[in-house]
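Residue strings, one per chain:
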2 protein chains.
Amino acid sequence: MSFARLDELCRKLDALGHAEAMLQVDEAVNMPAGGGEKRAEAMGVLAALAHDLATAPAVDDWIAAARSEDLDPSQQAALREFERTHRNRTCLSAEFVNRKVNAQIRSEQLWRNLRPKADWNGFLPAFESIVALAREEAQLRAEALQLSPYDALVEQFDPGSRSAEIAAVFADLKRFLTGFIPEALEAQARRRAARPAKPFHGEFPPERQKMLGVTLMTAVGFDFDHGRLDISHHPFCSGVPSDVRMTTRYTTHEFLSSLMGILHETGHGLYEQGLPAERQHWPSGKARGMAMHESQSLFQEMQISRTREFWSFALPLARDHLGLAQLAGFEVDDLIAHVQKIEKGYIRVDADEVTYPLHVILRFEIEKDLIEGRLAAKDVPEAWDAKMRDYLGLSTIDNPKDGPMQDVHWPSGAFGYFPSYTLGALIAAQLRAAMERGMPDLGAQIARGDFAAINDWRRSKIWQKASTLSTPEIMLQATGERLSAKYFEDHLRQRYLD
Amino acid sequence: MSFARLDELCRKLDALGHAEAMLQVDEAVNMPAGGGEKRAEAMGVLAALAHDLATAPAVDDWIAAARSEDLDPSQQAALREFERTHRNRTCLSAEFVNRKVNAQIRSEQLWRNLRPKADWNGFLPAFESIVALAREEAQLRAEALQLSPYDALVEQFDPGSRSAEIAAVFADLKRFLTGFIPEALEAQARRRAARPAKPFHGEFPPERQKMLGVTLMTAVGFDFDHGRLDISHHPFCSGVPSDVRMTTRYTTHEFLSSLMGILHETGHGLYEQGLPAERQHWPSGKARGMAMHESQSLFQEMQISRTREFWSFALPLARDHLGLAQLAGFEVDDLIAHVQKIEKGYIRVDADEVTYPLHVILRFEIEKDLIEGRLAAKDVPEAWDAKMRDYLGLSTIDNPKDGPMQDVHWPSGAFGYFPSYTLGALIAAQLRAAMERGMPDLGAQIARGDFAAINDWRRSKIWQKASTLSTPEIMLQATGERLSAKYFEDHLRQRYLD
């Protein structure tokens, strides 16, 4: 009876979520600029409506009553996950949420204006408010969730992940990468000396790039009866599991940046499309947090699409769609030189898979110190610079634009999110290793463009679990062990050393 | 205080309406087929949510209390129109609405299956239920609104319009058309003998048709910062005033059917874009019913775009965009022969502006008799056939597919809608005549592609009134008299006789 009430509530929240997702997609893909103000207003009202429905006092009574009802195991899992999201949704007062949202909007707008000017000092007062609010939020959530303050924030993005475990895994990885990067760069230099990098010539028309993208998306399992590929300024994968909306953007002097982006987003899309059809309106029926989501996109991109096997399958298709002239003389090794290129740099989003984790670890260490009060907001540029010099040998002290001002996450109040990116990379490598133990011809399957067994494995071990288990539980069941950096390190060694 | 509560409710309903409109647009334009089931579910939940919010018992109290609050005139108009929509929304019980919706879905699905087979007898039982429910609904609404049963249905589509007045106007028009059509057909035959119709040759690629469409939409005043043009199977104009979504579809052997459709829908779009920016979330801030909406599309199509003046402006642009070869040797008169062609036929949606009203009058007379109990559902084919023979000299007795089974309106339970189409045509002609009295060079303005004064007139007299007045009140203020068939008849005489 009470479970049925919660079920009805979940249907309402899911319908509102469906509308919000599609309105966001429409805004990024189709909406004319003049529609923005009213759209923002409508989205705000819908979000408030969803919040009011979800946090109505009666919901607590329904949860309490549903606990003693006769529920089957999947209903029990649904109720468990609903309680978790409910606790996370109700542990902040309306007054606090209001203060927080206002401060975040101001801070994010200020950041958009001041980042191009590299004006850290102008941004600092807003950033200090954001850090103060994030500390307050962490404290409030920590009490409600019985977690440490920083863990309570991580819980918002990757439920079940704890910073002690993350810190241990990251420490291992940092130690490894410090030694590995110089070796890998040397190996790359030797390869380049033997086989000079081949630049692209000619034009790559967007229509043809799209045809190639759609062909490869279809080959790796994306279902175009339940999704589509459009264009937007910032590529994304959004929508709903029954209708996954992916976007990319095209440049015309080369095709790999768009194509690799498409294949990355396709990993997100396959996860959504692979969620169980039943109980999708319950929180337990939705994808399991940001780390697991990123693991699926990075699995698709790093573990499948940037491999030699994949390109032996994809190169003929690329020639078909893009034209023989554009790819004249290109062999698989030439493409591999492009898709496996490594380079130290300032910017996280431009980083390759080898240096990327150091960008994340730096942010993890800094934001943990910020939330736990060991670091003041004003001291972030020095801390950032020290770590950048230490980890990548680059100084950002005179260049805050490409230092602590580069990401939208902190200005918009998202602390605890960054670890998900690298956790996703580690999960992807560990999954591939586990998969390969039971499927020794995995590489051969990829080389012949056969992704059925790979996707069946992912479907049963990841996608169909949805949020009925935590990320660590899913990993333990899928790979037989807890998360470790080992498989990712093995993967890098194998790919980048000779 | 209570007005403020109603204001907040209107914002919520408006946001839900915004979402519903955009989800419908997305469904028609973008959605992959597999997304349909979940989309329908989400739309159903959102509609129910809106209904629950709008009909909550507290709303009656807010209305009652707001009546004695100190409101400015525009707030008073808002409250008045809100009360009207509220009364219309609450006069049916949930039990009845449920029965009605279920019967309509069944009947419409059955109609879609049986229409291609011309199976009237198979459809009849469902149609009988629909008619019975429509009579019941008309009775319930009549009591709540203090109107006659049929008027209570018309009120849903064209508030303020009464069937006694419609019947008088239609009787006049029917009398006129019976004599006029043979004359107009003779005149057309004479023109054709003097100047044979010139068929189109070659291909008209959709991209070029779209460029021409966008050019003409822009010229007549459509604001692409607040709207766009896409493709869908059934062309429409939807979205929200700040973001009007129009669609068309293209054939490649000619360009006029799509272009005239685009200009028709642009009339709807201009109305939406021209609504007052203030209080758009109140019912009083929305467009004034179907008749007025159709008057704006028909004004754009019939009173502007199918004129000689318009084509003297548009033909050079058509040549620019479509190619000189495709339009080689075409003069304005050749295009006029296409856009002013008249022909008797079975199908309403294919009819020209001369014969169209007879299709509507026939349906008006039949549905009024059906609702008022003078005609049984089973006798519709005979009644239809008799009137078709009488009005257009065509028999449909052996062809129900192109007779009473041709429209979706009745199978989906929409009785009282049909008059709006022809009322719109009459309003459009009457508006143009009134406009021309104060603007003698109207034709010259059109010929030089200057639509600013025309749109200013429409904006101040129609668009900005939104729903603060009824259709008859708007007409009286804009034209100085009540609706009459006279101006439409003059228009036809002037256009179609020599």
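We now turn to the structure provided with this report. From a predicted model like this one, the values you see are computed outputs, not experimental measurements.

With respect to the packing of aromatic side chains
Next up, step 1: Per the counting criterion, the structure on display carries 51 aromatic pairs over all chains.
Next up, step 2: Considering the side-chain rings of Trp410 of chain A and Phe415 of chain A, the 5.9 Å spacing of their centres and the 5° angle between planes classify their relative orientation as stacked. Here Trp410 of chain A matches Phe415 of chain A in class, with each residue buried.
Next up, step 3: Ring centres of Trp120 of chain B and Phe127 of chain B lie 5.4 Å apart, and the angle between their planes is 65°; on these two criteria the pair is classed as edge-to-face.
Next up, step 4: One aromatic cluster is present, built from ring pairs that chain together Trp120, Phe123, Phe127, Phe157, Tyr356, Trp384, Trp410, Phe415, Tyr417, Phe418 and Tyr421 of chain A.
Next up, step 5: Residue placement shows Lys198 of chain B over the ring face of Phe330 of chain B; its charged tip is 5.8 Å from the ring centre.
Next up, step 6: The cationic tip of Arg348 of chain B hangs over the ring face of Tyr421 of chain B; the distance from NZ or CZ to the ring centre is 4.8 Å.

Observations concerning the sheet that holds strand 1 (residues 227-231) of chain B
Residues and elements named next belong to chain B.
Next up, step 1: Strands sit in the order 1-3-2 across an open sheet of 3 strands; the sheet is mixed. Lying at the two open borders of the sheet, with one neighbouring strand each, are strand 1 and strand 2 (237-240). Strand-to-strand, the axes of this sheet are offset by a mean angle of 25°, without reference to chain direction.
Next up, step 2: Relative to strand 3 (residues 243-248), strand 1 is paired through 5 bridges, and the arrangement is parallel. When the bridges of strand 3 are listed, Leu229 appears paired with Met246.
Next up, step 3: Each of strand 1, strand 2 and strand 3 touches helix 10 (residues 256-274); the most contacted strand, strand 3, lies at about 165° to it.

Brief notes about the pairing of strand 3 of chain B
Consecutive residues of a regular strand have side chains that alternate between opposite faces of the sheet.
Residues and elements named next belong to chain B.
Next up, step 1: Across the 6 residues that make up strand 3, a large majority, 6, are buried.
Next up, step 2: Going residue by residue along strand 3, you find Asp243, Arg245 and Thr247 tucked away on one face and Val244, Met246 and Thr248 tucked away on the opposite face as well.
Next up, step 3: With 4 bridges connecting them, strand 2 and strand 3 associate as antiparallel partners. Note that in strand 3 the partner of Cys237 across the bridge is Met246.
Next up, step 4: The antiparallel hairpin formed by strand 2 and strand 3 contains 2 residues in its connecting segment.

Some remarks on the interface of chain B and chain A
Next up, step 1: Opposite the 34 residues of chain B that make contact, chain A presents 34 residues.
Next up, step 2: Across the chain B to chain A interface the summed buried area is about 2,800 Å²; carbon plus sulfur atoms make up 58%.
Next up, step 3: The largest contributions to the chain B side of the interface with chain A come from Asn30, Pro32 and Lys38 of chain B, which together make up 18% of the buried area.
Next up, step 4: On inspection of chain B and its partner chain A, the count reaches 6 salt bridges.
Next up, step 5: Notably, a salt bridge pairs Arg11 of chain B with Glu41 of chain A, separated by 3.2 Å at the nearest N-O pair.

Details of the side chain of Gln430 of chain A
Residue and element names in this part refer to chain A.
Next up, step 1: Counting through the fold element by element, Gln430 comes out in helix 16 (residues 419-438).
Next up, step 2: Residue Gln430 is classed as buried on the basis of its relative accessible area of 1%.
Next up, step 3: Here the side chain of Gln430 touches Arg482 through a polar contact of 3.0 Å, landing on its backbone oxygen.
Next up, step 4: Non-local contacts of Gln430, meaning those with residues more than four positions away in its chain, are made with Met475, Thr479, Glu481, Arg482, Leu483, Ser484 and Tyr487.

Re the pattern of salt bridges
Next up, step 1: Using the criterion set out here, one finds 90 salt bridges over all chains in the structure.
Next up, step 2: The partner of Glu8 of chain B in a salt bridge is Lys12 of chain B, and the shortest N-O contact between them spans 3.7 Å. Of this pair, Glu8 of chain B and Lys12 of chain B both sit in helix 1 (residues 2-29), 4 residues apart, which is roughly one turn of the helix.
Next up, step 3: A salt bridge links Arg306 of chain B to Glu301 of chain B, with the nearest nitrogen and oxygen atoms 2.6 Å apart. For the pair Arg306 of chain B and Glu301 of chain B, a shared accessibility class is recorded, and that class is buried.
Next up, step 4: One network of salt bridges, with partners in common, ties together Glu81, Arg84, Glu155, Arg162 and Arg288 of chain A.

Parameters at a glance
- Residues numbered from 1 in each chain as written.
- Chains lettered and ligands numbered in written order.
- Predicted model: local features only at pLDDT ≥ 70, side-chain atom pairs only at ≥ 80, totals over all residues.
- Heavy atoms only, no water.
- Phe/Tyr/Trp six-rings, centres within 6.5 Å; stacked < 30°, edge-to-face > 60°.
- Buried < 20%, exposed > 50% of the residue type's maximum accessible area, 1.4 Å probe, protein only.
- Lys NZ or Arg CZ within 6 Å of the ring centre and 35° of its normal.
- Pairing = 2+ DSSP bridges.
- Helix = DSSP H or I, 4+ residues; strand = E, 2+ residues; numbered from the N terminus.
- Axes fitted to C-alpha atoms, helices over the stretch in contact; angles between N-to-C directions.
- Contact = heavy atoms within 4.5 Å.
- Buried area = accessible area lost by both parts, 1.4 Å probe.
- Salt bridge = Lys/Arg side-chain N within 4 Å of Asp/Glu carboxyl O.
- Polar contact = N/O pair within 3.5 Å; in protein donor to acceptor, adjacent residues only side chain to side chain.

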